[in-house]
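# A closer look at the structure
Below are the chains, spelled out letter by letter.
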Amino acid sequence: MSRWREHALAAKGFMPADEGDALHGAALAAAAAVPGAPFVEVGSYCGRSTIWLGAAARQAATVVFAVDHHRGSDENQAGWEHHDPAVVDARTGRMDTLPWFRRTVEEAGLAEHVVAVVGSSPTVARHWRTPAALVFIDGGHGVEPARADYAGWTPHVALGGTLAIHDVFPDPADGGRPPYEEIYVPALESGRFRLASATGALRLLTRVD
Ligand code: SAH
Ligand code: MG
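Conventions we followed
- Residues numbered from 1 in each chain as written.
- Chains lettered and ligands numbered in written order.
- Predicted model: local features only at pLDDT ≥ 70, side-chain atom pairs only at ≥ 80, totals over all residues.
- Heavy atoms only, no water.
- Buried < 20%, exposed > 50% of the residue type's maximum accessible area, 1.4 Å probe, protein only.
- Helix = DSSP H or I, 4+ residues; strand = E, 2+ residues; numbered from the N terminus.
- Pairing = 2+ DSSP bridges.

## Topic: the pairing of strand E7 (residues 202-207)
Burial runs high along E7: five of the six residues are buried. Pairing between strand E5 (residues 157-165) and E7: four bridges, direction antiparallel. In the sheet register, Ala164 faces E7, and the bridge partner there is Leu204. Connecting the antiparallel pair strand E6 (residues 193-199) and E7 is a turn made up of two residues, with Gly200 showing a positive phi of about 55 degrees.

Next up, the structure:
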C-alpha cells in the first residue's frame, strides 16, 4: 500500500477508504481531462480526504486548494453527533482543526501539493476565478451552507471536469438531506452535470454544459 494512503487511513476525519479511493481515481481522470487545472476541496476538517486529493494532485503535477474556516460545521460543534473534543482550542474554547490539518498534510508528505485556503466558503467562492478540474464539496451539511456551496462552487467546475459531492443520501433513513436535495439533485436538474459514478455516499458528476 502507498505510504500516503496509510496516512489517509490513520487521519482523523470522515472519509471512508472506498470513497477516498474513488475520489482519488476521479481526480486523476479529471486532471487528464482538464490538463493544468487545479482541484478544489470545500471542507477539509483535519485533512483526511485532502490526502487522497493531494496524492492525485502530486501524481498529476497539479495542486489542491483546500477551503475551510477550520471552525467546524454545526454538526461538529460540542453536543452534536460529530463532535471531537480533541479539536477544541483550549485557549478560546472554539474548534480549530487547522493545526490538525497542517500536521496531516505534512506527515503524508503532500505539503507541496496542498494549498490551505482558510476562510468562509461563500467568500472564497465569490472571488474565485480559476476553472477547476475537480471540485469536491464536503462542507457544511445544513440547508443554507449546502445551497451556498452549490451556487458558489458549481460554476467553477471546468467543462469536462468533475463535481464530487459527499454525504449524498437518496434514502432519508441513511442520513441528512441537504447534500442530496440542495446540491446533487439541482446539479443534475440544471443540465450542466451528468452522473458518472456512485461509491457509498460519494457522487461523481461530469460537467457537460
Ligand atoms: N472532508 C473532510 C470532512 C469535512 S467536515 C473529511 O473527509 O474528513 C466539514 C468541514 O466543513 C468542517 O471542517 C467545517 O469547518 C467546514 N465548513 C463548514 N461550513 C463552512 C463554511 N461556510 N466555510 C468554510 N468551511 C466550512
Ligand atoms: Mg463528508
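## Some points on unusual backbone geometry
Phi is positive for Tyr45, close to 55 degrees, though the residue is something other than glycine. Within the secondary structure layout, Tyr45 lies in the loop between strand E1 (39-42) and helix H3 (48-59). Positive phi, close to 65 degrees, is recorded for His70, a residue that is not glycine. Mapping His70 onto the fold places it in the loop between strand E2 (64-68) and helix H4 (98-107). Under the relative-accessibility criterion, His70 is labelled buried at 1%.

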